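Architecture and fold: a report
The chain contents come next:
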Amino acid sequence: MKPVERPINRLIIALLLALMVVSSARAGVTSAEGLELTVDTNWPGTGKGGYFPVRISVRNVRQQRDLRIELQARGLDTIAANLGRNFTVEQNQTVSFTIPVPMVNNYSYYQVKIYEDGREIGRGNLTQRINLDFWREGVPLLIISEHKEDLRSLSDALRDIHPGRGGVDPEDLLCQVLPAEMPEGWICYTQLGVIGVSARAVEMMPRARREELRKWIATGGTLFIYRPITPQSDSLSLILGEGSADTNSENQIQHYLGSIRLVQSDPFGWDKDAWKSFLKKDIRHQQSGFRARFGFEQTGQSRSSRRRRKPFLLDIPGVGRVPIRIYAVMITLFAVGIGPLNYFLLKRKKKLHLLFVITPLAAVAVTVGMITYGMFSEGLGIKGRCLSLTCLDQDRHEAVTVGRMSLYAGMSPRGGMLFPMDVAVFPAAGEMRSGSLELGGSQRFEGGYLPSRTLVNFVTAGVAPARGRLVVKRTQDSLQISNGLGVGIKLIYLMDESGNTFRAEKIAAGGEATAKACPALTGRRAGGLGISQDSKIPLLTQAQLEKSTYLAELEDSPFFVTGLDEVAESGSRHILYGRFAEASNDSPTR
């Protein structure tokens, strides 16, 4: 007699299988031909955009091998981003690295493949989806701690703030990792709105990870450090560097476009209501999400709804518009010439039968002419329009730049778009078609990222070394400016230590000018220069004119990276924000 299966047993087996699937979505181990491949995807991924970090470890028990690993997208639509990276692994060595996957796809799964000498030697599937889903609510939140924290009250608070509309499970917004599990590269944090880290975990992090965390903050991220020993905790100095840890009365410090907050108590002893108050009022986490920071609020629609995506699009003057007048003239001349004029001439020569030959040939010639004119009138090069804001720190010799650009390529560049690993690149949702990303010392975007004769939009953010500087000297009733930025300045506003505003125009690269007193800048923000009217990115207007600061509009930007050798810009705006120390004419230049 067959044993009777109880429903409870089947339920237990089903739950165990489900747990196995969930676990495999986070991490998996695959063995193939002397290799052990471990893939970790433990990360809060709600598909808001940015990069998703896939952490990979490869252990080799054979002799030294030159390998290639690829992540191939398997989506339900045409958008895809296939990624590849070459690496070398010694015998009995383990190589670990992070592959930042740009979230440009909807409903995409990735397959991991590993190659040696062009031959596939192993593969595995990432069962976790790495996708865009702008309809879903929520701001991803990461906790970095030296031990496992009790996340129940925080999870309940997120559940109340984001009740799960659009199919969101609030637990997907929250993730916890150890300092050793942090991915490499600050761009892997771009999708996160808020990160919480314990003071002890900051001390345990490798220096490189602390620096990557700082860059994420600089481009608009919100970090809170909990359980610090004192308000001037060493953990703050470890992230920002010595001499940069002065906090205000609320234990908060602004760092470029982002901020850090010190939480003196242990927040994981709070109840749900305390967490809700902290998230909503103290750090305003819903305003720090990816969409809000980088202006993607208008792109949460399907690709077929162009009318609803249009607010995000940044037009390039003179590009993408049909030359109606030229075409109207050509069509009129064609109609007159092929019609009555052609008929009259052929009738006089008694060769009306040639109408059946001349008419189609003329139609082909005119059609080819119109197409050729359309192609060459816009050129075969790359045209663009860029809007950027750069925060320049002359003491740190560093520049933080956020911006957006619209590109139109007459012919798609053969080598694609090349960006440093420290520059995050976000295509506008719904505009990209299948493409590929090659990783190494840089990011090479190819294929559908910049197709020919198609207007595409990108948002970029980056942190880079910068040697340019402005030198400001005090005279009796004005400020003397020396331009050491390497590019010309169209317009500059400065506010001195006493709160007086000064203005100057047209300062050539390497030149000097006198800034004279003027009325205060409207709004005192970058928006007062007019960039807010067409930027659609809140970060671009965040810089505020305060004492001992300046706001300038540049003729070009040496800080903004387009990823291309040459772009013919039209209608671009480049704003620079920085601090200065007034010097007298007798004092040495800093």
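Residues numbered from 1 in each chain as written. Predicted model: local features only at pLDDT ≥ 70, side-chain atom pairs only at ≥ 80, totals over all residues. Heavy atoms only, no water.

1. Concerning the pairing of strand 3 (residues 51-60)
It is a general feature of regular strands that their side chains alternate between the two faces of the sheet. Within strand 3, eight of the ten residues are buried, which leaves it mostly tucked inside the rest of the structure. Note: strand 2 (residues 35-40) against strand 3, six bridges, orientation antiparallel. Counterpart to Asp 40 in the pairing with strand 3 is Arg 55. Bridge count between strand 3 and strand 6 (residues 93-102): ten bridges; the pairing is antiparallel. If you follow Val 54 over to strand 6, its bridge partner there is Ile 99. (Buried < 20%, exposed > 50% of the residue type's maximum accessible area, 1.4 Å probe, protein only. Helix = DSSP H or I, 4+ residues; strand = E, 2+ residues; numbered from the N terminus. Pairing = 2+ DSSP bridges.)

2. Points about the confidence of the model for the protein
Per-residue confidence for the protein gives a mean pLDDT of 80, with 78% of residues at or over 70. Within the model, the stretch residues 1-26 combines pLDDT values under 50 with twelve contacts to residues more than four positions away or in other chains. Across residues 298-311 the pLDDT falls below 50, and counting only partners more than four positions away or on other chains, this stretch makes 26 contacts in the model. (pLDDT = per-residue confidence, 0-100. Contact = heavy atoms within 4.5 Å.)

3. Digging into the environment of Gly 486
Structurally, Gly 486 can be placed in the loop between strand 23 (478-484) and strand 24 (489-495). When the C-alpha atoms of Gly 486 and Ala 509 are compared, they prove to be 5.1 Å apart, with 23 residues separating the residues in sequence.

4. A word on the sheet that holds strand 13 (residues 252-255)
Read across the open sheet, the six strands follow the order 10-9-11-12-14-13; overall the sheet is mixed. Of all strands in the sheet, those bounded by a partner on one side alone are strand 10 (174-177) and strand 13. When the angles between neighbouring strand axes are averaged without regard to direction, this sheet yields 20 degrees. The sheet strands contacting helix 6 (residues 272-282) are strand 9 (141-144), strand 12 (222-226) and strand 14 (258-263), and the helix crosses strand 14 at an angle near 150 degrees. (Axes fitted to C-alpha atoms, helices over the stretch in contact; angles between N-to-C directions.)

5. Focus: unusual backbone geometry
In this structure, Tyr 256 is a non-glycine residue whose phi angle is positive, near 55 degrees. Look at Ser 548: it is not a glycine, yet its phi comes out positive at around 60 degrees. You can see Ser 548 is positioned in the loop between helix 11 (532-535) and strand 27 (549-554).

6. Let's talk about helix 6
Taken together, the buried positions of helix 6 are Trp 275, Phe 278 and Leu 279. For helix 6, the angular spread of buried residues about the axis comes to 90 degrees, placing them on one side. The inward-facing, buried residues of helix 6 abut strand 9, helix 2 (152-161), strand 12 and strand 14. The N-capping residue of helix 6, defined by a side-chain oxygen 3.3 Å from the backbone nitrogen of Asp 273, is Asp 271. (Arc of directions from axis to C-beta. Polar contact = N/O pair within 3.5 Å; in protein donor to acceptor, adjacent residues only side chain to side chain.)

7. Some words on the packing of aromatic side chains
Summed over the entire model, instances satisfying the criterion amount to 16 aromatic pairs. Measuring from ring centre to ring centre gives 5.7 Å for Trp 43 and Tyr 189, while their planes differ by 65 degrees; the resulting arrangement is edge-to-face. Highlighted residues: Trp 43 in the loop between strand 2 and strand 3 and Tyr 189 in the loop between strand 10 and strand 11 (194-198), separated in sequence by 146 residues. Taken individually, Trp 43 and Tyr 189 each receive the classification buried, so the pair is uniform in this respect. An angle of 85 degrees between the planes, with centres 4.9 Å apart, marks the rings of Phe 290 and Phe 426 as edge-to-face. (Phe/Tyr/Trp six-rings, centres within 6.5 Å; stacked < 30°, edge-to-face > 60°.)

8. Examining the side chain of Gln 72
Positionally, Gln 72 belongs in strand 4 (residues 65-75). In terms of polar contacts, Gln 72 uses its side chain to reach the side chain of Lys 113, at 3.3 Å. Sequence-distant contacts of Gln 72, that is, excluding residues within four places in its chain, are made with Asn 82, Tyr 109, Tyr 110, Gln 111, Lys 113 and Tyr 115.

9. Topic: the pattern of salt bridges
Within the structure shown, the criterion is met by 23 salt bridges. A salt bridge links Glu 211 to Arg 214, with the shortest nitrogen-to-oxygen separation between them at 2.7 Å. Note that Glu 211 and Arg 214 are positioned in helix 4 (residues 207-218) at a spacing of three residues, about one turn of the helix. A relative accessible area of 1% places Arg 214 in the buried class. Linking Arg 396 and Glu 398 is a salt bridge whose minimum nitrogen-to-oxygen distance equals 3.9 Å. Salt bridges sharing partners connect three or more residues here, namely Glu 211, Arg 214, Asp 393, Arg 396 and Glu 398. (Salt bridge = Lys/Arg side-chain N within 4 Å of Asp/Glu carboxyl O.)

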